[in-house]
Amino acid sequence: MKISEMIKSVDSQNQFEVLKNTYQQIEYSWNLKLNLSQIDTSKIKNVIVTGLGGSAIGGDLLINFLRDEIKYPYQVNRNYNLPKYANENTLVIASSYSGNTEETVSALNDAIKKKCQVVCITTGGKIENLANQNSIPVVKLLKGFQPRYALYLNFFALLKIFESLILIDKQEKIVQEIILLLKQKSEIYSKEKNETLNLAESLLGHTPIIYAVSDITSAVACRFKGQFNENSKVHAFYNFYPELDHNEIVGWESYRSIMNFKVINLLDETYNEQIKKRFEITSKLIKNSGAEIINLNSSEKNFKVRLIDLIYLGDWITYYLAILRNVDPTEIDNINFLKDNL
Ligand SMILES: O=P(O)(O)OC[C@H]1O[C@H](O)[C@H](O)[C@@H](O)[C@@H]1O
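Residues numbered from 1 in each chain as written. Predicted model: local features only at pLDDT ≥ 70, side-chain atom pairs only at ≥ 80, totals over all residues. Heavy atoms only, no water.

Participant: It is not clear to me how the domain arrangement of the protein chain should be interpreted in this structure. Could you clarify?
Facilitator: Along its sequence, the protein chain is organised into domain 1 (22–176) and domain 2 (193–324). A C-alpha centroid distance of 28 Å is found between domain 1 and domain 2. On the domain 2 side, the residues contacting the 19 residues of domain 1 number 22 residues. Roughly 1800 Å² of surface becomes buried between domain 1 and domain 2 when both sides are summed, with 60% attributable to carbon and sulfur atoms. When the buried area of domain 1 at its contact with domain 2 is split by residue, Asn64, Arg67 and Arg148 rank highest and sum to 35% of it. The interface formed by domain 1 and domain 2 contains two salt bridges. Of the charged contacts, one joins Glu230 and Arg148 as a salt bridge, the two residues approaching to 3.4 Å between their closest N and O atoms. Here domain 1 and domain 2 share 10 residue pairs in polar contact (both at pLDDT 80 or more) between them. Elements supplying a minimum of two residues to the side of domain 1 that touches domain 2: helix H4 (53–65) and helix H7 (151–164). When residues in the side of domain 1 that touches domain 2 are grouped by element, the largest group, six residues, is from H4. The residue inventory of the side of domain 1 that touches domain 2, partitioned by class, reads 11 nonpolar, three polar and five charged. (Domains from an automatic or database assignment. Contact = heavy atoms within 4.5 Å. Buried area = accessible area lost by both parts, 1.4 Å probe. Salt bridge = Lys/Arg side-chain N within 4 Å of Asp/Glu carboxyl O. Polar contact = N/O pair within 3.5 Å; in protein donor to acceptor, adjacent residues only side chain to side chain. Helix = DSSP H or I, 4+ residues; strand = E, 2+ residues; numbered from the N terminus. Nonpolar A, V, L, I, M, F, W, Y, C, P; charged D, E, K, R; others polar.)

Participant: Please clarify how the UniProt feature "domain: SIS" (unreviewed entry) in the protein chain should be interpreted in this entry.
Facilitator: The UniProt record marks residues 35–171 with the feature "domain: SIS" (unreviewed entry), using the residue numbering of this structure. Helix makes up 35% of residues 35–171 and strand 18%, and the two end C-alpha atoms of the span are 18 Å apart. (UniProt positions renumbered as here; feature names shortened; annotations may be inferred.)

Participant: Would you explain the state of the cysteines in this entry?
Facilitator: The bond known as a disulfide is covalent and runs between the sulfur atoms of two cysteines. Within this structure, the stated rule accounts for zero disulfides. Here Cys116 is not cross-linked by a disulfide; its sulfur's nearest cysteine counterpart is in Cys120, at 12 Å. Accessibility expressed as a relative area gives 10% for Cys116, which makes it buried. On the accessibility criterion, Cys120 (0% relative accessible area) is buried. (Disulfide = S-S within 2.5 Å. Buried < 20%, exposed > 50% of the residue type's maximum accessible area, 1.4 Å probe, protein only.)

As structure tokens, this is what we get:
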């Protein structure tokens, strides 16, 4: 059966179109007119982004994206409460696409209690209500997406907040480059035959293990894993160099091919030379133990563009893996069951 026919029969909410139009999410968020006059930038000493799932990954991605630019201690919080140090000198960005994720609502309440300076990113829900009641600025996202498919809305809104508060330099040029790239890639990846579909085919029947590098490509690995879980409904695991060379590498000694792992190395030219060697040596050991490896990298010139290029690549691979496995890339039954029973 042709892939376009398979898509018609399993993709209930047309995520194919959502993926194709991803660049429009960036345009939307980047063109937002923000009013953040309540925030006193001179008081900010540290920043916390609080959220879960796709909304937390937006926060993680900022660490990778701005790794040479953020001048403040910065943390992503994925829990009901904020860390003890949060106070009036903390900028808290509460990020929830739906506005109803209970951990984020609770963390927002904590931020209000601790008198932090707060900005919310959401489409509405409880987060928007709480923000309105407490005169907190809200950056409103476009409605109608599954939260994880709205990562680009979320991430570029976050970036815009940083830029508007002059916590970082202007990002205009790079954002326009990214928009252009995703426009081009969307044409390629939506073709009947394309590399993301081939990669998905090569992963059928395997458990992906994604390896990246701390603080450089770590958010991309986390995104890949989450998308394999939620879109393709498979287990996936991720880890980072150099840490994995101090523990996980030993686990490969007892690997058996029946386990069907497939390693995805996320490579980048900016990695430290020793890190590159670590990838080579560790990959040799993995191959010797019987597992296959897929090397992925982006050939774009700019590091920030490469990061988004890889994220977009992963979004398509995990989407096609869902289609090939005949599972709906929208449905997340176990998460719904859990939420109904909490
Ligand atoms: O961004 P939010 O609406 O707070 O959602 C946060 C997360 O919640 C759920 O568990 C979804 O399945 C995830 O895909 C989502 O990223």
